[in-house]
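Descriptive structure summary
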Amino acid sequence: MVKSVAVIGVGAMGMGMAHSLLRNGFRTLARDIDPQREALARAAGAQVVSSAREAGAADAVAIVVVDAAQIEQVLSGDDGLLAGLGPGRLVFLCSTIAPSDSETFAARIAATGAQVLDAPISGGPARAQAGTMSIMLAGPQSALDAAEPVLAAIAGKRFVIGARHGDAARAKLVNNLMAGIHLMAGAEALALAIRLGLDPRQMSELIGASSGQSWMFDDRMQRALVGDYAPRAQSHVLTKDLTLANDAAHAVGLQLPLGALARDLLRATCEGGWRDEDDAAALKYYASRFGVTLPSS
């Protein structure tokens, strides 16, 4: 029975997960390379630990870092998680990474005797905080059964993709491919509206109630129109995800016409100086390209 959960990486999504776990009565441990994030986790009621290895003492560990390089550091760095794992432990790989990396990490974790789930997450920080985010899952049924109480606390929707590690990562890349395309299409359309002399706030409401609506448009453009670019999901993170989606397509002999274009436009957004801002900054990129002034808050 899982009674304690460690969250390694208490950024926007990881912090929300920690709050949901605490609210549901789990003893919650937290570890992050940023002392400020650890301080926030401590203030919320989590026990901050000094290393990934120490986090491995929890019944379950959720790794919620940015990319495969950071997971490698979590697993094998000084005082790495692998040294603290063993039978009876459960690990969730929650980052968006290449399927091949998910397979490799899962095999290394399983070699310690711990169970592991390929478990990328989606839905944004607000849903993570509310315990209603979506989670994609791949791994053996025994791991899914062990994960049940944690999943009930952190996720509103679960999608069991299959038993093969890496398949949840594949599913997440397909989802994020759509998210990136919708983001760039929405930013392009709204910047065009401004250039045509239309009221962007009215257009945002119109699109949200019409056939052009998408969750990414509603979420990101609402923030952009009030000048809120505080990073819930930094531009470089979605750029990384679309790069991985294109790589996955190439691995099976495909080219992604829209996917490659969305990736390149996101790269241009990063190169324009908005790398660390929320990816709603795609509208800033288009405003600079189209020569329009965005409304002030």
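Preceding this paragraph is the structure being described.
What you are looking at is a predicted structure, and each value in this text was computed from that prediction instead of being measured. (Residues numbered from 1 in each chain as written. Predicted model: local features only at pLDDT ≥ 70, side-chain atom pairs only at ≥ 80, totals over all residues. Heavy atoms only, no water.)

**Considering the pairing of strand S1 (residues 4-8)**
Among the 5 residues that make up S1, 5 are buried, leaving the element largely enclosed by the rest of the structure. With helix H1 (residues 12-23) bridging S1 and its parallel neighbour strand S2 (residues 27-31), the resulting β-α-β unit is right-handed. As paired strands, S1 and strand S4 (residues 60-63) are joined by 4 bridges and run parallel to one another. Within the sheet, the bridge partner assigned to Ile8 lies in S4 and is Ile63. (Buried < 20%, exposed > 50% of the residue type's maximum accessible area, 1.4 Å probe, protein only. Helix = DSSP H or I, 4+ residues; strand = E, 2+ residues; numbered from the N terminus. Right-handed = clockwise from strand over helix to strand, strands pointing away. Pairing = 2+ DSSP bridges.)

**Quick word on the pairing of S2**
In terms of strand pairing, S1 meets S2 through 5 bridges, oriented parallel. The residue of S2 that forms the bridge with Ile8 is Arg31. As paired strands, S2 and strand S3 (residues 47-48) are joined by 2 bridges and run parallel to one another. Residue pairing in the sheet places Ala30 in a bridge with Val48 of S3. The handedness of the S2 to S3 crossover, carried by helix H2 (residues 35-44), is right-handed.

**What about the environment of Ala282?**
Note that Ala282 resides in helix H13 (residues 282-290). A relative accessible area of 0% means that Ala282 is categorised as buried. Residues Ala282 and Met184 lie 98 residues apart in sequence; the distance between their C-alpha atoms is 6.5 Å. The contact partners of Ala282, leaving out residues within four places of it in the chain, are Leu183, Met184, Ala187 and Thr269. (Contact = heavy atoms within 4.5 Å.)

**Re a nonpolar patch on the surface**
There is a patch of nonpolar side chains on the surface, built from Leu192, Leu196 and Leu198 and spanning about 280 Å² of accessible area. Within the secondary structure, Leu198 is located in the loop between helix H8 (167-195) and helix H9 (200-208). The class of Leu198 is partly exposed, set by a relative accessible area of 40%. (Patch = residues over 30% accessible without salt bridge, like charges linked within 9 Å, V, L, I, M, F, W, Y side chains within 5 Å. Areas by Shrake-Rupley, 256 points an atom, 1.4 Å probe, with all protein chains shown as cover. Salt bridge = Lys/Arg side-chain N within 4 Å of Asp/Glu carboxyl O.)

**Re helix H5 (residues 99-110)**
In this model H5 runs 16 Å from its N-terminal to its C-terminal C-alpha over 12 residues, within 8% of the 16 Å that 1.5 Å per residue would give. All of the buried residues in H5 are Pro99, Ser102, Phe105, Ala106 and Ile109. Looking down the long axis of H5, one finds its buried residues gathered within 125 degrees of arc, a one-sided arrangement. Looking at the packing, one finds that the buried side of H5 touches helix H4 (68-76), strand S5 (90-93), strand S6 (115-118) and H8. (Expected span 1.5 Å × (residues − 1). Arc of directions from axis to C-beta.)

**Looking at the layout of surface pockets**
By volume, the second largest pocket amounts to about 240 Å³. Every residue lining the second largest pocket is counted, 15 residues in all, and those nearest its centre are Pro99, Leu173, Ala245, Ala248 and Ala249. When contributions to the lining of the second largest pocket are tallied by element, the ones reaching two or more residues are H5, H8 and helix H11 (235-251). Ranked by the residues each element gives to the lining of the second largest pocket, the list is headed by H11, at 6 residues. (1 Å grid on protein atoms, 1.4 Å probe; cavity = no way out; pocket = protein on both sides within 12 Å on 5 of 7 lines; lining within 4 Å. Points joined across faces, edges and corners; volume = space filled by probe spheres on them.)

**Topic: the nonpolar core**
Formed by 34 residues in total, the largest nonpolar core has its most connected members in Phe92 and Ile154. Mapped onto this core, the elements with two or more residues apiece are S1, H1, S4, S5, strand S8 (133-138) and helix H7 (141-154). Of the residues forming this core, the biggest block, 7 residues, is contributed by H7. Counting residues in hydrophobic clusters, the runner-up holds 27 residues, among them Leu190, Ile207, Tyr229 and Ala280. (Core = buried A, V, L, I, M, F, W, Y, C linked by side-chain atoms within 4.5 Å.)

Shape is all these values report; function is a separate question.
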